[in-house]
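Structure at a glance
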Amino acid sequence: MTSQIFLAALIFIASLTLMAMDKRLGIYVLLVVSIFLHKQLFSIYQWNILPIRIFMGGFFIWCIAYLSFWFYKNRDFKTIFQHLKSPFIFLLLSLWFVRLLSLIF
């Protein structure tokens with residue numbers, strides 16, 4: 001059980017590190033890991049905790065931190081709202097938020 005918690009923490013830290021080092025490679029790994037959705041084979045510690053969900057949680061936290069630092073440096077509300085109005089960005093952020101909330105259920 002403790003080894004599974006260690007594995008989950010390792011996946012989370014690896015996702016944060018990978019995104020900080022190379023964003024494109026991080027997205028490629030996210031796409032590859034997304035095929036591991038079978039709960040019986042790939043669950044960690046509990047039934048609903050899957051490696052892809054842990055990786056997406058790290059990716060989401062990295063995105064929030066990256067946007068926070070970018071916003072702190074630029075302080076440009078117009079640019080942020082222009083990007084958020086894009087349907088692709090809005091749908092992608094909504095999907096990530098719903099999937100992150102799905103960890104609870």
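Preceding this paragraph is the structure being described.
Residues numbered from 1 in each chain as written. Predicted model: local features only at pLDDT ≥ 70, side-chain atom pairs only at ≥ 80, totals over all residues. Heavy atoms only, no water.

**A short note on the nonpolar core**
In a soluble, globular protein the nonpolar side chains are often hidden away together inside. Leu-30, Ile-52, Phe-55, Phe-59, Cys-63 and Trp-96 are the most contacted members of the largest nonpolar core, which has 15 residues in total. Of all the elements, helix H4 (residues 51–74) adds the most residues to this core, at eight residues. (Core = buried A, V, L, I, M, F, W, Y, C linked by side-chain atoms within 4.5 Å. Buried < 20%, exposed > 50% of the residue type's maximum accessible area, 1.4 Å probe, protein only. Helix = DSSP H or I, 4+ residues; strand = E, 2+ residues; numbered from the N terminus.)

**Brief notes about the packing of aromatic side chains**
Working definition: an aromatic ring pair is given by the centre-to-centre distance plus the angle between the planes. Considering all chains together, one arrives at two aromatic pairs under this definition. When the centroid spacing of 4.8 Å and the interplanar angle of 85° are considered together, the rings of Phe-59 and Trp-96 count as edge-to-face. Of the two residues, Phe-59 sits in helix H4 while Trp-96 sits in helix H6 (residues 87–101), which places them 37 residues apart along the sequence. Judged on exposure class, the residue Phe-59 and its partner Trp-96 are both buried. Centroid distance Trp-62 to Tyr-66: 5.0 Å. Interplanar angle 20°. Geometry classified as stacked. Highlighted residues: Trp-62 and Tyr-66, both in helix H4, separated by four residues, approximately one helical turn. We classify Tyr-66 as partly exposed; its relative accessible area is 42%. (Phe/Tyr/Trp six-rings, centres within 6.5 Å; stacked < 30°, edge-to-face > 60°.)

**Here we look at a nonpolar patch on the surface**
Taken together, Phe-77, Phe-81, Leu-84, Phe-88, Ile-89 and Leu-93 make up a surface patch of nonpolar side chains, about 580 Å² in accessible area. If you list the elements that add at least two residues to the nonpolar patch, you get helix H5 (77–84) and H6. Topologically, Leu-93 is positioned in helix H6. (Patch = residues over 30% accessible without salt bridge, like charges linked within 9 Å, V, L, I, M, F, W, Y side chains within 5 Å. Areas by Shrake-Rupley, 256 points an atom, 1.4 Å probe, with all protein chains shown as cover. Salt bridge = Lys/Arg side-chain N within 4 Å of Asp/Glu carboxyl O.)

**A closer look at helix H2 (residues 23–33)**
Looking at H2, one finds that the buried residues are Gly-26, Leu-30 and Val-33. Seen along its axis, H2 keeps its buried residues to an arc of 70°; they face one direction. Across H2 from its buried face, at more than 90 degrees, point the exposed residues Arg-24, Leu-31 and Val-32. Of the surrounding elements, those touching the buried residues of H2 are helix H1 (2–21) and H4. (Arc of directions from axis to C-beta. Contact = heavy atoms within 4.5 Å.)

Just geometry here; none of it tells us what the structure is for.
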